[in-house]
Each structure stands twice: as C-alpha cells, then as structure tokens.
Amino acid sequence: MRSHEPRSSSSCAACKFLKRRCIPNCIFAPYFRSDEPKKFAKVHKVFGASNVSKILTEVPEEQREDTVNSLAYEAEARLRDPVYGCIGAIALLQRKMVELQFDLAIARARLARYTANSSSSAAILNDRSGLTTFSEFPAICGGLIQSFGLSSSELNQDGLMNDLSQFPYIF
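A few points on the structure. (Residues numbered from 1 in each chain as written. Predicted model: local features only at pLDDT ≥ 70, side-chain atom pairs only at ≥ 80, totals over all residues. Heavy atoms only, no water.)

1. Concerning the pattern of salt bridges
In this structure the tally under the stated criterion is four salt bridges. E36 serves as the salt-bridge partner of R33, at 3.7 Å between the closest nitrogen and oxygen. Given the relative accessible area of 37%, R33 is considered partly exposed. Residue E36 is classed as partly exposed on the basis of its relative accessible area, which comes to 23%. Put simply, E76 and K42 hold a salt bridge, and the shortest N to O gap is 3.6 Å. Of the two residues, E76 sits in helix α4 (residues 64–80) while K42 sits in helix α2 (residues 37–47), which places them 34 residues apart along the sequence. The class of K42 is partly exposed, set by a relative accessible area of 29%. (Salt bridge = Lys/Arg side-chain N within 4 Å of Asp/Glu carboxyl O. Buried < 20%, exposed > 50% of the residue type's maximum accessible area, 1.4 Å probe, protein only. Helix = DSSP H or I, 4+ residues; strand = E, 2+ residues; numbered from the N terminus.)

2. Here's the deal with helix α3 (residues 49–58)
What α3 keeps buried is the set A49, V52 and L56. Burial along α3 is one-sided: seen end-on, the buried residues are contained in an arc of 65°. The elements touched by buried residues of α3 are α1 (13–18), α2 and α4. (Arc of directions from axis to C-beta. Contact = heavy atoms within 4.5 Å.)

3. Description of a nonpolar patch on the surface
A cluster of nonpolar residues, V83, Y84, I87 and I90, forms a patch on the protein surface that exposes about 440 Å² of accessible area. Secondary-structure assignment places I87 in helix α5 (residues 86–126). The exposure class of I87 is exposed, given its relative accessible area of 53%. (Patch = residues over 30% accessible without salt bridge, like charges linked within 9 Å, V, L, I, M, F, W, Y side chains within 5 Å. Areas by Shrake-Rupley, 256 points an atom, 1.4 Å probe, with all protein chains shown as cover.)

4. Description of the packing of α3 against α4
Between α3 and α4, the least distance of the axes is 9 Å, while the angle of their chain directions is 150°. As far as their axial angle goes, α4 and α3 are roughly antiparallel. Crossing of α3 over α4 shows right-handed handedness. Taken together, the residues of α4 that come into contact with α3 (itself represented by V52, I55, L56 and T57) are R64, T67, V68 and L71. The residue makeup of the contact of α3 with α4, split by class, is five nonpolar, two polar and one charged. (Axes fitted to C-alpha atoms, helices over the stretch in contact; angles between N-to-C directions. Parallel < 35°, antiparallel > 145°, perpendicular 65-115°, else oblique. Left-handed = near helix turned anticlockwise from the far one by under 90°. Nonpolar A, V, L, I, M, F, W, Y, C, P; charged D, E, K, R; others polar.)

Printed below as a string of structure tokens:
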C-alpha cells in the first residue's frame, strides 16, 4: 500500500501545483508523487482538485491507486480528444479488431482453399490409374491454354480467371 510508505519532506505534486503546504495526511500525496507534476496537472485540468479529492475519499483505500490511474488515463484521453475521450480510443480499437477479425477470416478461407486444392492435386498426381496422354491435356485444362493470349479484362469477362482471393497471397 502506497499510503503507508514514508514520504520525503517535499510536497506532493498536487500541493505543489495548488501552491499549498502538504500536510502529513494529504489525500493526494500517496498517488501524486512530487516527481510526477504533469500527472496531477492533467487530472486537475479535466476533473478539478476538489472533485478528485471527493472521489478519493469515497473510494476504499485499497482501490485508490487504481482510481487515480484511471483518472489520469481518462484525463489524458480527454485532453487529446475533447469530444470522445477514452471512448474514442475504445471505439478505434474495436473497429481495428473487427477489421483484423475479417482479415483473419479471409486468410483462413484462403488457406483452407489452398490446402484443399493442393491435397486434391496431390491425390490426382498419386493416382496413376487414370493417366492422360499429353495430347489429351488441352481438352482437360478447359481452355486454359487458349486463355494465355487474352488480356486480363477479357479473362474476367469470360469467367476463365477468378479474383486473387483464390490464392493465398500475403499483402
């Protein structure tokens, strides 16, 4: 517990900021050390010293350090984004998480398709009962050889070439 730690003779950051004498049982002293003046300045600017003092007296002593850390985070977020504060940061992270989940789903689908195609190709290569001759190869490819002379727009119009989502490309 930080409140029972011995303090140096210097004032806490809150009392220095408020230009008052720091008393031995100062409610701010355990949480706003003298070497962290910006922390209290931000909290004071957003919430006010009186409100922070009221909050700290209402919160149980074992939860005060977490409360001060939360107030400091919220104050910094509110100063960076006055309209949304920490909710803006949360919304941004949630949006990013949805995008990453979507990307992961696409990657898993591509991987599944690729492994299915490679396993079926391996099964075809290992199955020697239905070997085709080289002369039968163009007919089996379904017009793939003829498509080499077409442009990409002609290929897409004819449906001979699918989009890149079929292949496991890493972007």
